[in-house]
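Structure at a glance
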Amino acid sequence: MTQLEYPPASVGSRKRKTEQRKQLITEALVAAGVATPQDLAARFGVSIVTIHRDLDELERRGMVRKFHGGVTAQPSGVFESQMSHRLATMAVEKAAIAAAALKYVEPGESVMLDDSTTVMRMIDGFADLVPLHVATPFVTGLRSLTELAKANDGLTVIGIGGRYDVAHDSFVGVQTNEQVRGLHVDALFMSTSAVSTMDMYHQEEQIMMLKRQMLESASRRYLLVDHKKLGQKALLKIASLTDLDLIITDPGADPRILAAWSDMGVSYEIAQIVEPSAV
């Protein structure tokens, strides 16, 4: 009897390893937002042919979306993990950045917030700044704002509607852009997924267009971004950093990027992280 070169158990082991890799690929895309097949192949130590085969299967399952030059996490099926990751990632830095941003809000002003989990951390501080008008398309932010408004008569919440996008828990699209165009606010607080030395980017067209419109609808423009997003590029450019009034980041920011900003005349602030007291 001829013996098999690979027993069935090894076939099952290979399948399990492949499934584990696909799960890790999905988690990596949820964390990063966007990547290239070449980056993923290098990260997981497999050939470009293998990574394309994995991505094709994940796309068939509705877990990722491939586009020219890259791949991103697909909204359906990964939203809960995406949002939980966004809320948990860089939490200390995001809290410090949001606290620093609150210094630039004055009672009586109107402000706009994008769908950023960093910006969302500003909301609790609005109770000390009423009267205030706050507009956002971010459903998670709207929930927090409406709860805060119940206890603060001076807080006026403006919900910006449109087509609901599951991946970002936000309203997007033509109607949303039109509503933003119809507003003018004193200050915009926003973030994005990638910031290079000179420009800010996003990998999705609908989000890029919304952020551009928000920038046009505000007198002052603040970018809140943790250091993990710096030195990065994505598919679509939103605007130049010189269009901003201020960038607020954390102490982990690359000094070379900060020096380049200074050379370009880009204003920035480093949020101070307060370490918890030892018990």
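Here, every reference points to the structure presented above.
Below or above, wherever it landed, is the structure these notes cover. In this convention, every chain numbers its residues from 1, walking through the sequence in written order. With pLDDT at 70 or above as the cut-off, local features in this predicted model cover only qualifying residues; side-chain atom pairs require 80 or more to be listed or tallied, and sums for whole chains, interfaces and linings still use all residues. Remark: hydrogens and water are excluded; side-chain values derive from all non-hydrogen atoms of the structure.

Here we take up the packing of aromatic side chains. What counts as a ring pair is set by centres within 6.5 Å for rings of Phe, Tyr and Trp (its six-membered ring), and what kind of pair is set by the plane angle: stacked under 30 degrees, edge-to-face over 60, tilted for all other angles. Throughout the structure, instances matching the rule amount to 4 aromatic pairs. Measuring from centroid to centroid gives 5.9 Å for Y164 and F171, while their planes differ by 65°, and the two rings are edge-to-face. Judged by relative accessible area, Y164 falls into the partly exposed class, the value being 37%. A connected cluster of aromatic rings, assembled from ring pairs, spans Y104, F189 and Y222. Burial here depends on accessible area, computed with a 1.4 Å probe over protein chains only, as a share of the maximum for the residue type. Under 20% is buried, over 50% is exposed, and the range in between is partly exposed.

Glancing now at the sheet that holds strand β2 (residues 64-67). In this description, strands pair whenever DSSP reports at least two bridges between them. Secondary structure follows DSSP: runs of H or I at least 4 residues long count as helices, runs of E at least 2 residues long count as strands, and numbering of each begins at the N terminus. With antiparallel pairing, the 3 strands of this open sheet are ordered in space as β1-β3-β2. With one partner strand each, in any of the chains shown, β1 (34-35) and β2 form the two edges of the open sheet. For β2 and strand β3 (residues 70-73), the ladder comprises 4 bridges, and the chain directions are antiparallel. Along β3, the bridge assignment pairs V64 with A73. The sheet contacts of helix α3 (residues 48-60) involve β2 and β3, and relative to β2 the element is tilted by about 120°. Any two residues having at least one pair of non-hydrogen atoms within 4.5 Å are treated as being in contact. Whenever a helix is involved, its axis is fitted only over the stretch in contact; in every case the axis is a line through C-alpha atoms, and angles between N-to-C directions fall within 0 to 180 degrees.

As a further point, take the sheet that holds strand β10 (residues 194-195). The strand order β10-β11-β13 describes an open sheet built from 3 strands, whose pairing is antiparallel. Edge positions in the open sheet fall to β10 and β13 (236-240), since each of these has one partner strand only.

In this model, V130 is joined to P131 through a cis peptide bond whose omega is 5°. Counting through the fold element by element, P131 comes out in the loop between α6 (117-120) and β5 (132-136). A positive phi angle is found at D169, which is not glycine, with a value near 50°. Given a relative accessible area of 3%, D169 falls into the buried group.

Across the 5 residues that make up β5, a large majority, 4, are buried. Where strand β4 (residues 110-113) lies against β5, 3 bridges are found, and the strand directions are parallel. Among the inter-strand pairings, V111 is bridged to a residue of β5, identified as V134. Across 5 bridges, β5 lies against strand β6 (residues 155-159) in parallel orientation. When the bridges of β6 are listed, L132 appears paired with L155. With helix α7 (residues 139-151) bridging β5 and its parallel neighbour β6, the resulting β-α-β unit is right-handed. Handedness of a crossover: with both strands directed away from the viewer, a clockwise path from the first strand across the helix to the second marks it as right-handed.

Within the secondary structure, R21 is located in helix α1 (residues 8-32). For R21, a relative accessible area of 14% corresponds to the buried category. Beyond its immediate stretch of four places on either side in the chain, R21 contacts F44, V46, T50 and D54.

With that settled, consider the environment of R181. Looking at the element boundaries, R181 is found in helix α8 (residues 174-181). With relative accessibility at 43%, the residue R181 sits in the partly exposed group. Note: C-alpha distance between R181 and E216 (35 residues apart in sequence) is 7.8 Å. Excluding anything up to four places from it in sequence, R181 contacts Q213 and S217. Counted as a polar contact is a pair of N or O atoms within 3.5 Å, where, for protein atoms, one must be capable of donating a hydrogen and the other of accepting one, and residues adjacent in sequence contribute only when both atoms are in side chains. Separated by 3.0 Å, the side chains of R181 and Q213 make a polar contact.

Criterion for a salt bridge: a side-chain nitrogen of Lys or Arg within 4 Å of a carboxyl oxygen of Asp or Glu. The full count for this structure, using the stated rule, is 12 salt bridges. R220 is the partner of E109 in a salt bridge, and the nearest nitrogen-oxygen pair spans 3.0 Å. Of the two residues, E109 sits in the loop between α5 (91-101) and β4 while R220 sits in strand β12 (residues 218-224), which places them 111 residues apart along the sequence. Because the salt bridges share partners, they merge into one network encompassing D114, D115 and K211.

With 13 residues, α3 extends 18 Å from end C-alpha to end C-alpha; this agrees with the ideal 18 Å at 1.5 Å per step. Buried within α3 are the following residues: T50, I51, D54, L55 and L58. Down the axis of α3, the sector holding all buried residues measures 130°, keeping them to one side. In this structure, α3 carries V49, R53 and R60 as exposed residues pointing more than 90 degrees from its buried face. Every helix has an expected span of 1.5 Å times one less than the residues it contains. Taken from the helix axis, the directions to the C-beta atoms give the arc we talk about.

This part covers the environment of G252. Mapped onto the elements, G252 comes out in the loop between β14 (246-249) and α10 (255-264). Since its relative accessible area comes to 39%, G252 is described here as partly exposed.

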